Structure formats: C-alpha cells, structure tokens
Amino acid sequence: MTLQQGYTKNTKWSSCNNHILGVLLTNLVSSLLSFELDDEIEEEEEEQLSTQAFGQRWVQYKAERDKLFECPVQDGEKLAETLAKSWQIRLVEVIGQEFIAYEGSILIHVVMQPQGRFKLTIRAQTMRQIDAFLLKRHLS
C-alpha cells in the first residue's frame, strides 16, 4: 500500500467515524431533550389533585367506562394502596370501601362490592385515553 492509498483509506475511515460520531451525538442530545421534557411533564403531574378539583373534572369529562373485577382484598384502604402501586396511579381520597385516584388526565373511581369484587369507573376526555390506560395495565 502506498502512502497515498493509506492516506485515502484513513481519510475515508475518519470521515465515516465523524459521521457516526455526529449521529451518536445527535441521538444523545435528542434523548437528553426528551428526558428533560418528560421531567417537566412529570413535574406538572406531580401536583396533587384535590377532591374538589377531581369532582370538577369528573363532571367535565364525558368519556366513561365501567369494569368489574374479582378481588380477594376486602379492605378499601388496602385495595387502594395495592392498586396505586400496581397501576401507578395517585390516590386522591379513600372513604370506607371506595376511593378516587388519577393518572394524568385519567380519573378513577373504585367501589368495593359484595362477593369479592370491585367496580372500576374510569373517566377521561376521550375513549382513546381510557383504552390506552386499560391496555397499558392489561385490563382491557
């Protein structure tokens, strides 16, 4: 290999490396921006929803779906805590055998019923949001 061939080969290799490095840096910057945006969204959602604000949204949201589930848990507080963890929802209030919670713009009302069951009522602005919530948790 001549000096000229070696230079040309190294230049091509260097050019290829620069391109790859550029793509990697672009992807890294995009990922960092995405994380920052996600953090901002999470910070906005971190604000606790009051019972009154929940009620106001409940009346405004028109999309609704009810589902019945079998449940071995017989205590409302324990069911609320269990579902809050497994469904990644935020509890607003627990009263006796029922509770209200939310995740983003999804509103949740759960009432324990006889014979080891509970009724889940979900409200949102659109049915698509409800379907996505249920699908994400394998509840559809």
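Procedures and definitions
- Think of each chain on its own: its residues are numbered from 1, step by step along the sequence as written.
- Local features in a predicted model are, by the rule used here, given only for residues with pLDDT of at least 70; side-chain atom pairs are given and counted only at 80 or more, and totals for whole chains, interfaces and linings are based on all residues.
- Working from all heavy atoms in the structure, the side-chain values ignore hydrogens and water.
- Only protein chains enter the accessibility calculation, which uses a 1.4 Å probe; a residue is then buried when its area is under 20% of its type maximum, exposed when over 50%, and partly exposed in between.
- In this text, helices come from DSSP runs of H or I with a minimum length of four residues, and strands from runs of E with a minimum of two, each type numbered from the N-terminal end.
- The arc in question is the one traced by the directions running from the helix axis out to the C-beta atoms.
- Whether two residues are in contact is decided by their heavy atoms, any of which lying within 4.5 Å being enough.
- Residues belong to a common nonpolar core when they are buried Ala, Val, Leu, Ile, Met, Phe, Trp, Tyr or Cys residues joined through side-chain atoms within 4.5 Å.
- Confidence scores here are pLDDT values: one per residue, from the predictor, ranging 0 to 100.
- Between any two strands, pairing holds if DSSP finds at least two bridges.
- Note on geometry: axes are lines fitted to C-alpha atoms, helical ones only across the stretch in contact, with angles between N-to-C directions running from 0 to 180 degrees.

A word on helix H4 (residues 127-136)
Right, on to step 1. When H4 is considered as a whole, its buried residues turn out to be Ile130, Phe133 and Leu134. Projection of H4 onto a plane perpendicular to its axis shows the buried side chains occupying an angular sector of 95°, all on one side. Counted as exposed and oriented over 90 degrees from the buried face of H4: Arg128, Leu135 and Lys136.
Right, on to step 2. Contacts made by the buried residues of H4 are with strand S1 (63-70), helix H3 (76-87), strand S3 (98-103), strand S4 (106-113) and strand S5 (117-124).
Right, on to step 3. One or two residues past the end of H4 sits His138, with phi positive at roughly 60°.

A word on the nonpolar core
Right, on to step 1. Formed by 24 residues in total, the largest nonpolar core has its most connected members in Leu79, Phe118 and Leu120.
Right, on to step 2. Of all the secondary-structure elements, those providing two or more residues to this core are S1, H3, S3, S4, S5 and H4.
Right, on to step 3. Looking at this core, the element that brings in the most residues is H3, giving 5 residues.
Right, on to step 4. Once residues lying within four places of it in the same chain are set aside, the contact partners of Leu79 are Cys71, Val73, Phe99, Val110, Met112 and Phe118.

Side note on the confidence of the model for the protein
Right, on to step 1. The predicted model of the protein averages 81 in pLDDT, with 67% of residues at 70 or higher.
Right, on to step 2. Looking across the protein, the model is least confident in helix H1 (residues 3-45), with a mean pLDDT of 52, and most confident in S3, with 98.
Right, on to step 3. In this model residues 39-43 is a low-confidence stretch, pLDDT under 50, and it forms 0 contacts with partners more than four residues away in sequence or in other chains.

Observations concerning the sheet that holds S4
Right, on to step 1. Across the sheet, 5 strands lie side by side as S1-S5-S4-S3-S2; this open sheet has antiparallel pairing. In this open sheet, the two strands that pair with only one neighbour each are S1 and strand S2 (90-95). Along the sheet, successive strands turn relative to each other by an average axial angle of 20°, direction set aside.
Right, on to step 2. Inspection of the sheet shows S3 paired to S4 by 6 bridges, in the antiparallel sense. Across the sheet, residue Ile100 finds its bridge partner in S4, namely His109.
Right, on to step 3. The strands touched by helix H2 (residues 51-60) are S1, S2, S3, S4 and S5; relative to S4, the strand with the most contacts, the crossing angle is about 100°.

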